[in-house]
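One-letter residues, chain by chain:
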Amino acid sequence: MGRIKPCRLIRLEQHVDPRGTLSVVESGTTTDFAIQRVYYMYGQPESSPPRGMHGHRTLEQVVIAAHGGFSVGLDDGFHRTAYRLDEPGVGLYIGPMVWRVLQDFAPASVALVLASRHYEESDYYRDYDAFLRDARSLP
């Protein structure tokens, strides 16, 4: 899934001992990109409308359910798939030109997002039809 760079689940490096678990994400090791921006979403009620609902022209991301769980629907203009993220030791890599929708948040979920670029509105597709037109025109 993902025509430019395939989306995939990534097992994070974990260190477990009697005190708990430490998960590690490193630019260039865990991700193929330098992490330029980190943000997280929390406080969504169970009946929350979906989040995301956009695509990016060049941005790459890793999405992690740091707490709780949620579903991520992906669409590259030709194929659709969905992942349920509910393990803090697993991240979902989402490459460029993939529409994403985050939904079905469990109570007290925290979605952690690691992004390859700073926020740039010009990188966003917020109109699905425009995204489809451009995604389907890629070689």
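Structure: see above.
The structure reproduced in this document is the subject of the present report. (Residues numbered from 1 in each chain as written. Predicted model: local features only at pLDDT ≥ 70, side-chain atom pairs only at ≥ 80, totals over all residues. Heavy atoms only, no water.)

**Brief notes about the sheet that holds strand β10 (residues 99-103)**
Selection criterion: Following DSSP output, two strands are said to pair if at least two bridges run between them. Only DSSP runs of H or I covering at least 4 residues are called helices, and only runs of E covering at least 2 are called strands; the numbering of each starts at the N terminus.
Taken in spatial order, the 5 strands line up as β8-β7-β10-β5-β12 in an open sheet, and their pairing is antiparallel. Every interior strand has two partners, whereas the edge strands, β8 (80-85) and β12 (124-125), have only one. Summarising the sheet, strand β5 (residues 51-56) and β10 pair through 3 bridges and their orientation is antiparallel. Across the sheet, residue G52 finds its bridge partner in β10, namely V101.

**A word on the environment of I10**
Stated formally: Any pair of residues with heavy atoms lying within 4.5 Å of one another is described as a contacting pair.
By the element assignment, I10 lies in strand β1 (residues 8-11). For the pair I10 and V62, spaced 52 residues apart in sequence, the C-alpha to C-alpha distance is 8.6 Å. Setting aside chain neighbours within four positions, we find I10 in contact with T30, V62, G89, V90, G91 and Y93.

**Concerning the layout of surface pockets**
Formally: In this analysis, the protein atoms alone were mapped onto a 1 Å grid. Cavities are point sets where a 1.4 Å probe fits without being able to get out; pockets are open sets with protein on both sides within 12 Å along at least five of seven lines; lining residues have an atom within 4 Å of a point. Grid points are joined across faces, edges and corners, and a volume is the space filled by probe spheres set on the points. For this classification, Asp, Glu, Lys and Arg are treated as charged, while Ala, Val, Leu, Ile, Met, Phe, Trp, Tyr, Cys and Pro are nonpolar and the rest, including Gly, are polar.
Reported here for the largest pocket is a volume of approximately 170 Å³. Only β4 (37-42), β5, β6 (61-67) and β10 provide two or more residues apiece to the lining of the largest pocket. Tallied by class, residues from the lining of the largest pocket come to 7 nonpolar, 3 polar and 4 charged.

**Some details on the pattern of salt bridges**
Condition: Salt bridge criterion: a side-chain nitrogen from Lys or Arg within 4 Å of a carboxyl oxygen from Asp or Glu. For every residue, the accessible area obtained with a 1.4 Å probe (protein chains only) is divided by the maximum for its type, and the residue is called buried under 20%, exposed over 50%, and partly exposed between those limits.
Going through the model one piece at a time under the given rule, you end up with 8 salt bridges. In this structure, D134 and R133 form a salt bridge, with 3.1 Å as the shortest nitrogen-oxygen distance. Exposure remark for R133: the relative accessible area of 53% places this residue in the exposed category.

**Some points on the sheet that holds β4**
What counts, and what does not: Only the stretch in contact is used when fitting a helix axis, every axis being a line fitted to C-alpha atoms; angles between N-to-C directions are given from 0 to 180 degrees.
Read from one edge of the open sheet, 5 strands run β1-β9-β6-β11-β4, paired in antiparallel fashion. Sheet topology places β1 and β4 at the edges, where each strand pairs with a single neighbour. Between one strand and the next, the sheet's axes are offset by a mean angle of 25°, whatever the strand orientation. Sheet topology note: the β1/strand β9 (residues 90-94) ladder contains 4 bridges and is antiparallel. Looking across to β9, one finds that R11 is bridged to V90.

**A look at the nonpolar core**
Short version of the rule: Here, the term nonpolar core denotes a set of buried Ala, Val, Leu, Ile, Met, Phe, Trp, Tyr and Cys residues that are joined through side-chain atoms within 4.5 Å.
Counting 15 residues, the largest nonpolar core has V63, F70, V72, L74, L85, I94 and L102 as its most contacted members. Every element with two or more residues in this core is listed here: β6, β7 (70-75), β9 and β11 (110-115). By residue number, the principal contributor to this core is β7, which donates 3 residues. For V72, the contacting residues outside a window of four places in its chain are T81, A82, Y83, L85, L92, I94, V101 and L102. Counting residues in each nonpolar core, the second largest holds 8 residues, with M97, V101, A130 and F131 among its members.

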